[in-house]
Amino acid sequence: MRTFAFSNRLNNPKAELVMLLLASLACVLVLTASMSHDGGAQPAILDVGSILFVGLAAASVLAALGIALTAMNATRKANARKTAEVQDLRRRLSSAEALIKAEPQVLIYWEQGKGLHVMAQTLTGIAGLPTNQQELLRFGFWLEQKSAADLKTALDALFADGRAFNMILRTAAGAHVEADGRAAGSRAVLRLRDVAGYKRDLGTILDHHKAIARDIRSSRALLNALPNPVWLRDTAGRLTWVNTAYVQAVEAKSEAEVVGSQIELMESRQRKSIDKAHKAGKVYRERVPLIVGGDRKSHQVIAMPLADATANVAIDVAALETAQGELDRLVAAYDRTLNRVATAVAIFNADRRLTFFNDAYQKLWQFDRAWLESKPEDGAIIDRLRDLGRLPEVVNYRDWKNKLQACYSGTAEYEDSWHLPDGRIINATAERMPDGGVTYLFADETERLALESRYVGLTRVQGETLNSLNEGVAVFATNGKLQLFNLAFASIWKLSVRQLADGPHISEFIRDARVLFDDGQTWDDVLTSVTSLSEEREQLEGQMVRPDASVIEYAATPLPDGATLLTFADVTDAKRYERALVERNEALIAADRLKNQFIGHVSYELRTPLTNIIGFSELLASPFIGELLPKQREYLDDIAVSSKTLLAIIDDILDLATIDAGALELKLVSIDVRDLIDTTVEALRERIVRAGLTLDIAIANDVSTFMADEDRVRQIFYNLISNAVGFSKQDGVVMLGCWREPGEIVFSVEDQGVGIPVEQQRRVFERFESRSQGSTHRGAGLGLSIVKSLVSLHNGRVSLESEPGKGTRVTVRLPERGHGRAELEAPQSISHDPSVDRLSG
């Protein structure tokens, strides 16, 4: 306190002098007042005291004046000295400010209880460094996140412990600044300066180091997360790092154990293969078996040589191989499926190269398969199709081609119908695939469109046909509603076309139709047939006799699609005609039966006297009767020939009557073809010789025997050869052939006679159909009719070919094993020469 008062006196001498003077004056005034107040009670004593008091007051004043003068001199000297100190301090402050501002920096100080303050900010040109002081103090906004965190940690240590620091910070814009923190008493100073020279390089190196360290940490973390073993080797081939999958693969405890013990995953010869590939300057890529976790699996090993190390990875491809095999099987199945479809398919990749085509594509465009397998470009295929004339005619080929190939560059699909010059209609579709390729589909629509056209035409014809029918037709769908009908249906049941066009239900139709025919049971059957849901529906047929005497025949037929077809036919007139025809047919049958009986009776009656005539003629010709004159013998020969001819006719009539009556039964035996022909020819030898004909017989080597009725087959040959002889010209040739066809024996008799006109060939096998055709032959017209009947009994076939003036050929085909209506007999064993026989007579 004394020091503080002294200092005040030294600092305020004028005030102290004034106070002394005031105190002296106060004393004088007090004394004067006392004297005037008492009025002279003790005057001597008061005067002496007053004088003493005044003297003391004057002395005090003089002393005060002296002191005041002394203080004033001291004050003057002190003020002069302080003024000099202030001027010196100002000069130093100016110098310090000049020094601070001379260097580009940001100076921030901190005083306890007052926070951070910016003292100087002369640093400019740093990317990302704010110029505003408030923004400058918000380090987290303009510094990189890591740098801001490091600066905060360093400042906390500076404020708490006065720990100095120096670091390089990175702004969010990528620039660098040097941060230097120092403590000065109770203050802390942060200086931010530009990084130059080696420090800038050091900052860049630090950034790179941080980035590399970050990349290494992230890469190793990523590699440790992989399920595939990854490892690094140095130039000496030693393991330097492995990931977690490698540790698990070799069943080790840690990475340190693997690296320390050099636990290998690959065998020595496999490592030698890697070294060999690296010495050749190649990256090793091979699929090798590795033992991983105790299991031997296939792995794809990739070993890449680096500057001072080797990076290795083993990828488990066992599942991939399984998936690839499955994929190959699926692709093969897919290809086989596409090769079976009728639509032509071609797939092109993003490079517009053909990668797949099916058989339908190759057949559609008639390309050489080897050329297609060479994977030509899309444009080359289109150009070749144009050169071969297998593309539609277009005005601008270039624009048309660009439009077709626009799918490669866009997502729009292409679809068009191509009318090719050869008349085909191809539906072409192009669609872009996710990989940038294009799939083409070509469907030959020629047949489908033709079928559709025919279908439409047939539908129209069907409609017109149905409407032209006299029979009423109606189709009821599975729901029981009328789906299709014709005009006759509406006419028969007296219903309007408009009413039926609305598709009434079957029950509604029955309700309206019962006005004309009211039979509940019949209509119930019709209703059940239409609405029945049973799997096996049966056809319903019947007849309705309406009260107006009209007869309606009806039928309900189930259709494959579940619908029902109802037909109604007005058969009133037909029934009348039917009754008349039945009566007439019965009369004709009776007349025919009577005729057959009459013919049979007459034949039997004629046979007896004819037999007598033949017998007596033979008796007269006998030498026992005596010699006959030449004329008599000639007449007798004519009688014999005519009698035998008449007898043959009677026998033919009897045979036909027996066949018509169904009483003729065949006796099937094994027949030798050569013996059959020889006996038949022998019976006709005299006629053949008398006509001057040549009989040419040709029998195939493989023909021997067959099953048939020998007598009836000989009768067939006899009639055919007789006809051929009768219609042949003098000195002509009759050809008889026999050969084998599958399951049949074929005989043919051919002459070179007058032939038969085309219009008469249909009736040659009818009974009593006989025409001389200008020849001398005249018969009863029963020969070919009997031939046809006997061949039919054997279940065979007979045909005739003839041309007027060139001759006639009759071909008979008989079953080799005999399938006629017959009584079988035991076959006979007959041997013959297998060579071809040719006989002339």
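Residues numbered from 1 in each chain as written. Predicted model: local features only at pLDDT ≥ 70, side-chain atom pairs only at ≥ 80, totals over all residues. Heavy atoms only, no water.

Q: Sorry if this is basic, but what is going on with the overall build of the protein chain here?
A: Looking only at helices and strands, the protein chain has 25 helices and 28 strands in total. Partitioning the intrachain contacts of the protein chain with sequence separation of at least 6 by distance along the chain shows that 50% fall at a separation of at least 24. (Helix = DSSP H or I, 4+ residues; strand = E, 2+ residues; numbered from the N terminus. Contact = heavy atoms within 4.5 Å.)

Q: Explain the pairing of strand β1 (residues 105–111) here, please?
A: The side chains of a regular strand alternate, first on one face of the sheet and then on the other. For β1, the tally of buried residues reaches six of seven residues, placing the bulk of the element in the interior. Where β1 lies against strand β5 (residues 187–194), seven bridges are found, and the strand directions are antiparallel. When the bridges of β5 are listed, I108 appears paired with L190. (Buried < 20%, exposed > 50% of the residue type's maximum accessible area, 1.4 Å probe, protein only. Pairing = 2+ DSSP bridges.)

Q: Even after reading the chapter, I still don't get the pairing of strand β16 (residues 472–476), so can you show me in this structure?
A: Most of β16 sits inside the fold, with five of its five residues counted as buried. By the bridge criterion, five bridges tie β16 to strand β20 (residues 564–570) in an arrangement that is antiparallel. Across the sheet, residue F476 finds its bridge partner in β20, namely T564. When β16 meets strand β17 (residues 482–485), the two strands line up antiparallel, connected through three bridges.

Q: How should a nonpolar patch on the surface be read in this particular structure?
A: Residues F616, L619, L620 and I625 make up a contiguous nonpolar surface patch of roughly 400 Å² in combined accessible area. The residue L619 is located in helix α21 (residues 572–620) in this model. Using a relative accessible area of 44% as the deciding quantity, one classes L619 as partly exposed. (Patch = residues over 30% accessible without salt bridge, like charges linked within 9 Å, V, L, I, M, F, W, Y side chains within 5 Å. Areas by Shrake-Rupley, 256 points an atom, 1.4 Å probe, with all protein chains shown as cover. Salt bridge = Lys/Arg side-chain N within 4 Å of Asp/Glu carboxyl O.)

Q: Mind showing me how you'd approach the nonpolar core here?
A: If you look at soluble globular proteins, the nonpolar side chains tend to sit buried side by side. The biggest cluster of nonpolar side chains holds 45 residues, and the ones touching the most others in it are F706, V713, L720 and F747. Top contributing element to this core by residue count: helix α24 (residues 710–726), with seven residues. Discounting chain neighbours no more than four positions away, the residues touching L720 are V749, L784, V787, V810 and V812. A360, Y361, Y408 and Y414 belong to the second-largest nonpolar core, a separate cluster that totals 30 residues. (Core = buried A, V, L, I, M, F, W, Y, C linked by side-chain atoms within 4.5 Å.)

Q: I keep staring at unusual backbone geometry and nothing clicks. Help me out?
A: Of note, E251 is a non-glycine position whose phi angle comes to about 60 degrees, a positive value. Relative to the elements of secondary structure, E251 occurs in the loop between α8 (244–249) and α9 (255–261).

Q: Help me understand the pattern of salt bridges, please; the structure alone is not making it clear to me.
A: Side-chain pairing between opposite charges can occur once the charged atoms of the two side chains come close. Per the counting criterion, the structure on display carries 28 salt bridges. For the salt bridge of R797 with E744, the shortest nitrogen-to-oxygen distance reads 2.7 Å. Taken as a pair, R797 in strand β26 (residues 797–803) and E744 in strand β25 (residues 744–750) lie far apart in primary sequence, 53 residues in all. The exposure class of E744 is buried, given its relative accessible area of 18%.

Q: Just to check I follow, could you spell out the confidence of the model for the protein chain for this structure?
A: Atom-level detail of predicted coordinates should not be read off regions where pLDDT is low. When pLDDT is averaged along the protein chain, the result is 78; 81% of the residues meet or exceed 70. Contacts from residues 37–46, a stretch scored under 50 in pLDDT, to residues over four places away or in other chains number one contact. (pLDDT = per-residue confidence, 0-100.)

Q: I would appreciate a short explanation of the packing of α24 against helix α25 (residues 783–793) in the present structure.
A: Packed helix pairs are specified by the crossing angle of their axes together with the interaxial distance, meaning the distance between the axes. As a packed pair, α24 and α25 sit with axes 9 Å apart at the nearest point and diverge in direction by 150 degrees. It follows from the interaxial angle that α24 and α25 lie roughly antiparallel. Taken as a pair, α24 and α25 cross one another with a handedness that is left-handed. Contacts between α24 and α25 involve R712, Q715, I716, N719, L720 and N723 from the former and G783, L784, I786, V787, L790 and V791 from the latter. In the contact of α24 with α25, the residues fall into seven nonpolar, four polar and one charged. (Axes fitted to C-alpha atoms, helices over the stretch in contact; angles between N-to-C directions. Parallel < 35°, antiparallel > 145°, perpendicular 65-115°, else oblique. Left-handed = near helix turned anticlockwise from the far one by under 90°. Nonpolar A, V, L, I, M, F, W, Y, C, P; charged D, E, K, R; others polar.)

Q: Please clarify how a negative patch on the surface should be interpreted in this entry.
A: A contiguous patch of negative charge, built from E413, E415, D416 and E431, is present on the exposed surface. Mapping E415 onto the fold places it in strand β13 (residues 414–419). (Lys, Arg positive; Asp, Glu negative; His and termini not counted. Charge placed at Lys NZ, Arg CZ, Asp CG, Glu CD.)

Q: Explain the environment of K152 to me, please; I cannot follow it from the model alone.
A: Among the structural elements, K152 can be located in helix α6 (residues 145–161). A sequence separation of 13 residues divides K152 from F139, and the C-alpha atoms of the two residues are 8.4 Å apart.

Q: What is the right way to read the sheet that holds strand β22 (residues 694–699) from this model?
A: To summarise the sheet geometry, strands pair through backbone hydrogen bonds and adopt either a parallel or an antiparallel arrangement. Spatially, the five strands line up as an open sheet ordered β22-β24-β25-β27-β26, and their pairing is mixed. Two strands close off the open sheet at either side, each with one partner strand: β22 and β26. Going from strand to strand, the sheet's axes swing by 15 degrees on average, the running direction of each strand aside. As paired elements, β22 and strand β24 (residues 733–741) share six bridges and run parallel to each other. Bridge pairing links T694 to V733 in β24. Contacting β22, β24 and β25, helix α23 (residues 673–690) crosses the sheet at an angle of about 175 degrees to β22. In this fold α25 packs onto β26 and β27 (807–815), with an angle of close to 145 degrees to the strand it touches most, β26.

Q: What is the right way to look at the packing of aromatic side chains in this model?
A: Here a ring pair, both rings aromatic, is described through the centre-centre distance and the interplanar angle of the planes. Tallying each qualifying case throughout the model produces 24 aromatic pairs. Ring centres of W365 and F442 lie 5.4 Å apart, and the angle between their planes is 85 degrees; on these two criteria the pair is classed as edge-to-face. Residue W365 is located in helix α12 (residues 359–365), and its partner F442 is located in strand β15 (residues 438–444); the two are separated by 77 residues in the primary sequence. In this pair, the class of W365 matches that of F442, namely buried. Ring centres of F706 and F747 lie 5.7 Å apart, and the angle between their planes is 55 degrees; this geometry places the pair in the tilted category. Placement of the pair is F706 in strand β23 (residues 705–709) and F747 in strand β25, with a sequence separation of 41 residues. Taking relative accessible area as the criterion, F706 reaches 2% and is therefore assigned buried. By the ring-pair criterion, three or more aromatic residues cluster together here, those being F348, Y361, W365, F367, W371, Y397, W400, W418, Y440 and F442. (Phe/Tyr/Trp six-rings, centres within 6.5 Å; stacked < 30°, edge-to-face > 60°.)

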